[in-house]
Every structure is written in structure tokens, then in C-alpha cells.
Amino acid sequence: MVFFAGTGLVVKLVLILLIYFSVVSWAIIFYKLLQVYRANKESERFLEFFWKSKRFDTISSQLDRFPNSPLSIMFNEGYTELKKLMETGGEQQIDDPSVISTEGGGIDNISRALRRATTSEITRLEKYTTFLATTGSTAPFIGLFGTVWGIMTAFKGIGESGSASLAVVAPGIAEALIATAIGLVAAIPAVMGYNHFQNKIRVVIAQMDNFSTEFLNIVQRSFGRK
Amino acid sequence: MTRRRRQQKIRQPTNGLGGMLALSLAFHLVFFFSAASLELFRQDFPVAPQAIFVDMVTLPVASPQAGAPSGAVKGAPVSVRVPAPIPQPRPAAPQMRQPKVKAAPMKSAKVPPKGGGGETPQEYEARLEALERSAEARRQETALAEIRQRIATRNREGAAAGMPGGTGTQAGSDYAAYLQSRLKESFSLTIAWQAKKPLVAIRLTIDGKGALTSYKIEKSSGDVIFEDAVSRAVQLAKKHFPPPPGGKELSYGFVFRPEGVDKR
């Protein structure tokens with residue numbers, strides 16, 4: 001920590017800020033890695049279980065097995081809306097209570113519920129990633145500010161001492177450059193993590209869209225009035 | 001049951017961001033401690049500007065085997081400042097030389113402005129030579145007087161002129177620089193290393209009689225061969241350590257690198 005002790009107050013504050021950015025960025029990276037890994041893994045398992053099962057109520061009873069899958073959340077939302085429509089169909093149910101009307105907005109209700117669940121899951125998955133983007137874009141500039149300030153201070157000291165030898169100039173500049181180095185150390189993993197998670201989240205969104213379409217198709221085929 | 005409750009019912013609590021913050025903090029601490037132990041942020045030892053000890057003049061040695069002039073401290077080379085040349089007196093004005101160049105046949109009546117009316121060119125040249133001889137004699141006398149004075153001072157203080165019993169004003173009178181020179185000489189004989197950038201920082205304590213009382217390695221890059229080379233260099237050099245000025249115990253730090261030895 002010798003390099004830290006030798007810097008001025010402003011450079012110290014810059015370094016503390018950058019270390020804070022780095023710590024929080026890595027915390028988010030670890031958190032998101034775990035979250036996205038679990039979401040993908042459990043979604044695969046849920047889809048496998050979904051296509052093997054014949055009945056929605058059987059699937060609904062087993063949703064506790066997939067707590068981190070966005071698809072299970074979507075299914076739960078869609079199935080709950082479907083049950084509501086079937087229970088409160090009233091006048092729309094003419095012959096068979098298990099049949100829902102596509103004219104009265106039944107399918108649209110389920111579609112809206114699925115869209116709402118999709119939006120909610122995307123928001124959950126993208127939570128905190130904006131901090132990574134902010135760190136990636138601002139940390140190098142904050143570090144550069146620390147460096148510029150440090151070099152300004154170093155040159156001021158050189159001017160006061162009246163000596164411009166390398167032994168006098170180099171340590172001040174080296175201390176100042178540490179701010180840029182720490183800024184880059186904070187920014188590089190943040191940018192890499194942000195891009196990685198954006199890519200993974202895009203895949204999960206595509207999975208949710210596909211599942212939503214499939215769910216609506218199944219509902220239309222099985223419960224829709226002709 | 002609201003939608004949020006239903007979602008919470010399905011979703012079991014996972015490790016929150018707080019746990020990950022603790023993990024990240026631990027990760028950073030491990031990184032910084034590893035960096036410190038691996039010396040990624042190594043700070044080179046601040047070294048003093050190097051003072052090169054140069055033996056300007058070595059006085060004649062009575063016995064070459066003895067290696068030092070009589071009366072001097074053993075092993076201590078004696079430094080004597082070479083006297084600065086005395087400015088030559090200007091023997092004559094430029095116009096005084098003109099008659100010499102233009103030779104005798106010229107009319108000499110116009111030439112000597114100062115030498116009197118009847119001075120011939122031969123007389124003028126004789127006077128010029130006398131002036132030059134007397135100036136040279138004065139210069140030699142002054143130089144000899146200075147050397148005599150220095151020798152007298154040395155004898156009075158019981159130490160060699162310049163190093164290390166000097167007053168501190170002569171060239172090379174820095175005791176630490178003298179030790180550095182001796183260490184550098186010895187180190188050139190023992191140097192060996194295997195690491196990429198070996199470095200050993202030591203502290204030597206020398207008592208009032210010039211004996212090495214303490215040798216401590218304060219910092220090392222971990223190269224055992226280099227450490228051994230430094231240790232052997234110190235053992236070789238300590239034979240030539242003279243008593244410190246004032247007879248007081250002194251302690252100095254030195255940094256050994258393959259490039260040489262620096263004072264700290």
C-alpha cells in the first residue's frame with residue numbers, strides 16, 4: 001500500500017472511489033453469473049418437464065422445483081390467468097366450462113399476463129447491469145482525472161523545488177499514473193461482464209418469447225372456442 | 001393472492017447482492033495481499049545520488065606489498081587535490097612582440113614603449129625569459145607549499161588526507177561513499193545471481209575502530225545466490241573499512257543490484 005500512502009488527497013479520493021466501483025462491479029458480476037446460470041439451467045429442465053407433461057395442473061403443482069426459471073414464472077402467470085377465465089367465464093361459457101372464448105378477449109388476457117411476466121423477468125435479469133455499464137464508461141475518466149491532478153501536483157512540487165531531474169519528476173508521475181491503472185482495472189471487467197450478461201439475457205428473452213408463443217398456441221388449441 | 005406473492009411462493013430466496021459484495025471484497029483483499037507479497041507494486045529503495053570515489057593521486061608507496069603509504073590508514077587510498085594552475089603573468093603587451101616578429105632590420109626606435117630608450121631586441125628577449133622563469137618558479141613554490149600544508153594537516157590529524165580521516169570538505173571525504181566504493185569493488189568479484197531482477201538491501205554498522213559490528217539484510221528479492229554474493233562481498237570489503245570520522249559508530253544502508261551498489 002506504499003503507492004497509496006504517497007499520493008495526495010484528491011488522488012486518494014479518486015482511488016477510493018475506483019476501488020468502490022471495482023468491488024461493487026465484481027459483486028454484481030458474481031451475482032449475475034449465478035443468477036443467469038441458474039435461470040438457464042432451470043429453464044432447460046422446466047422445458048423438458050413441460051413437454052413431457054400432459055396436464056397444466058400437473059405442471060403447476062411442480063413449479064417449486066424451478067424457482068429461478070423465468071419460464072416457470074411465465075407459466076404460472078399464464079396458467080393463473082387461464083384459471084381465472086375458466087372460473088369467471090360466466091355468460092361467455094356456453095356449453096363446456098373448460099372452453100374459453102377467444103372473442104371476448106380471453107386469449108388476449110393470457111397474452112397480456114405472459115407479456116407482463118416477460119417484462120418483469122427481463123427487469124429482474126437486467127437489474128444492476130446498468131452499474132456495470134456506468135463503471136465501464138466512467139472509471140477510466142475518473143482515473144484519468146486522478147492522474148491529471150497528480151501530475152499537476154507533481155509539477156507544482158518540481159517548480160517549488162527548482163530541480164527537474166528524472167529522480168524528482170518520475171516518482172510523482174508514477175504515483176499519478178496509478179489512478180489511471182486502477183481506473184482501467186475497474187473498467188475492463190465491468191465492460192466485459194456487461195457485454196457477457198447482455199448476450200445471455202438476450203438468449204433468455206428469446207426463450208421467453210418462444211415459450212409465450214407456444215403457451216398461447218396450446219391454450220388456443222385446447223381451450224379456445226371454435 | 002397477488003401476483004407478487006405468487007412469484008415469491010415459487011421463487012425461493014437466492015444469495016443476494018450483499019453476500020456477493022462480501023465475496024467481492026474478499027476477492028479484492030486477496031488480490032491486493034497477493035500483489036503485495038509478489039511485489040507487483042514494488043517500490044524501489046530510494047537511493048542517494050551516487051558519489052563516485054576517485055583516487056586522483058596516489059602518493060608513492062615505500063613498499064608496494066604494504067599497499068599504503070606510511071602513516072596512512074591501512075588500505076585507504078590517499079586523495080590529494082591537484083593544485084589549480086596559477087594564471088600566467090602577462091609578460092608584455094602585444095605590441096612588445098612586434099619588433100621580434102619584424103626582425104632586427106626594422107627601425108627599433110619606434111618599438112620599445114616601456115623598456116627604456118636603449119633596449120635592444122636581444123635584451124628584451126632576455127628580460128622576457130627571466131620573467132617567465134620567475135613566474136614558473138613562483139607557481140611551483142605555491143604548489144609545493146600547498147602539498148606540504150596538506151601533508152602537515154594529515155600528520156597532525158593522524159589520518160590520510162581526504163579519506164576517511166578528512167574534515168569532510170575534501171573530495172571523496174564522504175565515509176559512506178568510501179564504503180560504497182569498497183563494497184562495489186568486492187561485489188565485482190563475488191557477483192552471481194539467478195533471479196530475473198535480484199535485489200538485496202543491507203544495513204551495516206561500523207564501530208569507532210572501523211570494525212563491522214552488524215550486517216543485516218533488510219530486504220531481499222529472495223535470490224539465495226545473490227544474497228550469498230552480497231554476503232561474501234561484505235566479508236571481503238570489511239577488511240578495508242577504516243575507522244569512521246570522529247571515531248563514532250555509524251550505520252549505513254546499501255542496495256545491491258546486478259548493476260551495482262547504491263547508498264540508501
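Here the structure is shown first, and the text comes after it.
Position labels on residues start from 1 in each chain and follow its written sequence. Following the order in which they are written, the chains are lettered starting with A and the ligands numbered starting with 1. Per-residue local features of the predicted model are confined to residues with pLDDT of at least 70, and side-chain atom pairs are confined, for both listing and counting, to 80 or more; whole-chain, interface and lining totals are unaffected and use all residues. Excluded from the side-chain calculation are hydrogens and water; included are all heavy atoms of the structure.

On to helix H6 (residues 129-161) of chain A, then. All names here are of chain A. Here a strand is any run of E in DSSP of at least two residues, a helix any run of H or I of at least four, and the numbering for each starts at the N terminus. The span one expects for a helix is its residue count, reduced by one, times 1.5 Å. For H6, spanning 33 residues, the distance from its first C-alpha to its last is 48 Å, which sits close to the expected 48 Å at 1.5 Å a residue. One axis fitted to the seven residues ending at a residue, another fitted to the seven starting there: the angle between these axes is the bend at that residue. Maximal helix bending in H6 amounts to about 40°, located at threonine 138; proline proline 140 follows within four positions. Turning to H6, its buried residues number three or more, namely Thr129, Leu132, Thr135, Gly136, Ala139, Ile142, Gly143, Gly146, Thr147, Gly150, Ala154 and Ile158. Just downstream of H6, glycine 162 is the residue with a positive phi angle, here 80°. Categorising residues by exposure relies on relative accessible area from a 1.4 Å probe, with only protein chains included: less than 20% of the type maximum marks a residue as buried, more than 50% marks it as exposed, and the intermediate range marks it as partly exposed.

Turning our attention to the nonpolar core. Among the nonpolar cores identified, the biggest contains 40 residues, and A:Phe46, A:Phe56 and A:Phe75 are the most heavily contacted of them. Mapped by element, the contributors of at least two residues to this core are helix H2 (9-52), helix H3 (56-61), helix H4 (70-87), helix H5 (106-126) and helix H7 (166-223) of chain A together with helix H2 (17-37) of chain B. Broken down by element, the residue count for this core peaks at 11 residues, all from H7(A). Pairs of residues are marked as contacts when any of their non-hydrogen atoms sit within 4.5 Å. Those residues within four positions of A:Phe56 in sequence are excluded, and the remaining contacts are A:Phe50, A:Phe75, A:Tyr79, A:Leu82, A:Phe215, A:Ile218, A:Val219 and A:Phe223. In terms of nonpolar packing, the next biggest core, distinct from the first, is built from 20 residues, B:Tyr178, B:Phe187, B:Ile202 and B:Ala237 among them. Nonpolar cores were defined as sets of buried Ala, Val, Leu, Ile, Met, Phe, Trp, Tyr and Cys residues, with membership established by side-chain atoms within 4.5 Å.

Turning next to unusual backbone geometry. Leave glycine aside and you will find that most residues have negative phi; peptide bonds, for their part, are mostly trans. Residue and element names in this part refer to chain A. In this model, tyrosine 128 sits at a positive phi of 75°, which is unusual for a non-glycine residue. Mapped onto the elements of the fold, tyrosine 128 is located in the loop between H5 and H6. A residue is classified by how much of its surface remains accessible, and tyrosine 128, at 29% relative accessible area, is partly exposed.

Right, let's talk about a nonpolar patch on the surface for a bit. Exposure above 30% relative accessible area and no salt bridge define the residues that can form patches, which grow by joining like charges within 9 Å and nonpolar side chains of Val, Leu, Ile, Met, Phe, Trp and Tyr within 5 Å. We get accessible surface area from the Shrake-Rupley algorithm with a probe of 1.4 Å; when it comes to residues, only the shown protein chains can shield them. By definition, a salt bridge exists where a carboxyl oxygen of Asp or Glu is found within 4 Å of a side-chain nitrogen of Lys or Arg. A cluster of nonpolar side chains, contributed by A:Phe141, A:Leu144, A:Phe145, A:Val148, A:Trp149 and A:Met152, occupies part of the molecular surface with about 610 Å² of accessible area. Relative to the helices and strands, A:Phe145 resides in helix H6.

Once that is clear, we can look at the packing of aromatic side chains. Between rings of Phe, Tyr and Trp, where Trp is taken as its six-membered ring, a pair exists when centres lie within 6.5 Å; planes separated by under 30 degrees are stacked, by over 60 edge-to-face, and by other angles tilted. Within this structure, the stated rule accounts for 26 aromatic pairs over all chains. Their ring planes at 85° and their centres at 5.3 Å tell us that A:Phe56 and A:Phe75 sit as a pair that is edge-to-face. Note that A:Phe56 is positioned in helix H3 and A:Phe75 in helix H4, a separation of 19 residues in sequence. Taking relative accessible area as the criterion, A:Phe75 reaches 0% and is therefore assigned buried. Lying across the ring of A:Phe49, A:Arg65 places its NZ or CZ 5.0 Å from the centre. The criterion for a charge sitting over a ring is simple: Lys NZ or Arg CZ within 6 Å of the ring centre, and within 35 degrees of the ring normal. A cation over a ring is seen here: B:Arg182 above B:Tyr178, with NZ or CZ 4.6 Å from the ring centre.

All right, on to the side chain of A:Ser69 then. All names here are of chain A. Positionally, serine 69 belongs in the loop between H3 and H4. Pairs of N or O atoms are called polar contacts if they sit within 3.5 Å, as long as, within protein, a hydrogen donor faces a hydrogen acceptor (for residues adjacent in sequence, only side-chain-to-side-chain pairs). A distance of 3.1 Å separates the side chain of serine 69 from the side chain of serine 43, its partner in a polar contact. In terms of polar contacts, serine 69 uses its side chain to reach the backbone amide nitrogen of leucine 71, at 3.2 Å. With residues near it in sequence (within four places) discarded, serine 69 still touches Ala39, Glu42, Ser43 and Phe46.

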